[in-house]
Amino acid sequence: MSNIALSQKSVKLMKLCDQKGFDSLDDLLLLALLNSACPGICMTEGCDHTAEMEPDQDQGFCEACGGNTVVSILVLADLI
Ligand SMILES: [Zn+2]
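Bear in mind the structure is a predicted one, so any value in this text is a computation, not a measurement.

Trainee: What exactly am I supposed to notice about the overall build of the protein here?
Mentor: Helix and strand counts for the protein come out as three helices and four strands. Here the C-alpha radius of gyration of the protein, 12 Å, is about what a compact globule of 80 residues would show, namely 12 Å. Overall, the protein is about 40 × 30 × 20 Å in size when its C-alpha atoms are taken along their principal axes. Approximately 5,100 Å² of the protein is accessible, and the part contributed by carbon and sulfur atoms is 51%. Both charge centroids of the protein, one from 4 positive and one from 12 negative side chains, sit 6 Å from each other.

In structure tokens:
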């Protein structure tokens, strides 16, 4: 087993996939690209609240922890 730590971005991307029931990140990204609202996830450690976001949102309000910490999946994946 490797000890390379995944970046926080990768961890959050995988959690978002998990929560949305997608096996592949590509499938989820494709869905996000085809829709005007795309899934986002809170970047706060320990908070994995997800919400529909504008595609370019990088500081959306998190209803779970109250921070402006929800980032759209497209921003997370560095696609926009
Ligand atoms: Zn949060």
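Trainee: Help me out: how do you make sense of the coordination of the zinc ion in this one?
Mentor: Reference geometry at the metal: tetrahedral coordination by four donors gives ideal angles of 109.5 degrees; octahedral coordination by six donors gives 90 or 180 degrees. For the zinc ion, the full set of protein donor atoms is C42 (SG), C47 (SG), C62 (SG) and C65 (SG), at a range of 2.2 to 2.4 Å. Between the four donor atoms coordinating the zinc ion, the angles at the centre fall across 103 to 120°, so the site counts as tetrahedral. In the primary sequence, the donor residues of the zinc ion line up as C-x4-C-x14-C-x2-C. Within this pair, whereas C47 is found in the loop between strand 1 (38–42) and strand 2 (50–53), its partner C62 is found in the loop between strand 3 (60–61) and strand 4 (68–72), the two being separated by 15 residues in sequence. The two residues C47 and C62 agree in class, both being buried.

Trainee: Can you help me understand a negative patch on the surface in this one?
Mentor: Taken together, the side chains of D18, D23, D26 and D27 present a region of like negative charge at the surface. In this fold, D23 is placed in the loop between helix 1 (8–20) and helix 2 (25–34).

Trainee: Looking at this model, I keep getting lost on the pattern of salt bridges. Mind explaining?
Mentor: Once their charged atoms are close, side chains differing in charge can pair, the charge on each being opposite to the other. Evaluated as defined, the whole model comprises four salt bridges. As a salt-bridge pair, K15 and D48 come within 3.2 Å of each other at their nearest N and O atoms. Placement of K15 in helix 1 and of D48 in the loop between strand 1 and strand 2 is noted, with a sequence separation of 33 residues between them. Its relative accessible area of 23% is what places D48 among the partly exposed residues.

Criteria and thresholds
Residues numbered from 1 in each chain as written. Predicted model: local features only at pLDDT ≥ 70, side-chain atom pairs only at ≥ 80, totals over all residues. Heavy atoms only, no water. Helix = DSSP H or I, 4+ residues; strand = E, 2+ residues; numbered from the N terminus. Rg over C-alpha atoms; globule rule 2.2 N^0.38 Å. Areas by Shrake-Rupley, 256 points an atom, 1.4 Å probe, with all protein chains shown as cover. Lys, Arg positive; Asp, Glu negative; His and termini not counted. Charge placed at Lys NZ, Arg CZ, Asp CG, Glu CD. Donors = N, O, S within 2.8 Å, 3.2 Å for Na, K, Ca; no water. Tetrahedral: all angles 85-135°; square planar, octahedral: opposite > 155°, others 65-115°. Buried < 20%, exposed > 50% of the residue type's maximum accessible area, 1.4 Å probe, protein only. Patch = residues over 30% accessible without salt bridge, like charges linked within 9 Å, V, L, I, M, F, W, Y side chains within 5 Å. Salt bridge = Lys/Arg side-chain N within 4 Å of Asp/Glu carboxyl O.

The analysis is restricted to geometry; functional conclusions fall outside its scope.
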